[in-house]
Amino acid sequence: MTTAPVAYAESGKGGCYSYSDMDTYPNDTTWILWKSCISKKATLEGHPYAIVSMGKKHPKCKIIIRVLTTGEKVVSKKTYTCPTGKVVNKRYAGNDFHGKGQFITWVQMYDIQTEGNLSPRSPWLDL
């Protein structure tokens, strides 16, 4: 698991963190790599998204993109079925949301068993 430097994560400017299932599927044909991302779209409006890469024989799954507040309240949710075959850096947009406060994107690769699924979250975004 790779994370951004602490100063960037605490800046409140959002961004992306990367995760993978390499611990469960350590080969080129079944691996999955994804980024949980969030950015500011307009005043008091956030844009959550995921960037996903998958090997050509990856397991069946769903991509669930949620936005959470500091109190873990879900303010946005969108689900995609994982594509078949190999994909590289495919972007999946979550539902944009309005609000004031701190928000984080949580991208879950549903039905994938991996340590990375324990906390696949973006840096915080302040709106």
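About the thresholds
- Residues numbered from 1 in each chain as written.
- Predicted model: local features only at pLDDT ≥ 70, side-chain atom pairs only at ≥ 80, totals over all residues.
- Heavy atoms only, no water.
- Helix = DSSP H or I, 4+ residues; strand = E, 2+ residues; numbered from the N terminus.
- Buried < 20%, exposed > 50% of the residue type's maximum accessible area, 1.4 Å probe, protein only.
- Disulfide = S-S within 2.5 Å.

Q: Got a sec to walk through unusual backbone geometry? Specific residues and values, please.
A: Phi at Leu44 takes a positive value of approximately 60 degrees, unusual for a residue other than glycine. Within the secondary structure, Leu44 sits in the loop between β2 (32-42) and β3 (45-54). Notably, Glu72 is not glycine yet its phi reads approximately 70 degrees, a positive angle. Classification of Glu72 by relative accessible area gives partly exposed; the value is 43%.

Q: Lay out the state of the cysteines in plain terms, naming residues and giving numbers.
A: Covalent bonding between the sulfur atoms of two cysteines defines a disulfide. Counted under the stated rule, the structure contains two disulfides. Two residues share a disulfide in this structure: Cys16 and Cys37, whose sulfurs sit 2.0 Å from each other. Every disulfide takes its handedness from the sign of the S-S torsion; for Cys16 and Cys37 that torsion is 115 degrees, giving right-handed. With Cys16 in strand β1 (residues 15-20) and Cys37 in strand β2, this pair connects stretches of sequence that are 21 residues apart. Taking relative accessible area as the criterion, Cys16 reaches 27% and is therefore assigned partly exposed. Covalent S-S linkage joins Cys61 and Cys82, the inter-sulfur distance amounting to 2.0 Å. Classification of the bridge connecting Cys61 and Cys82 rests on its S-S torsion, roughly -110 degrees, and on that basis the disulfide is left-handed.

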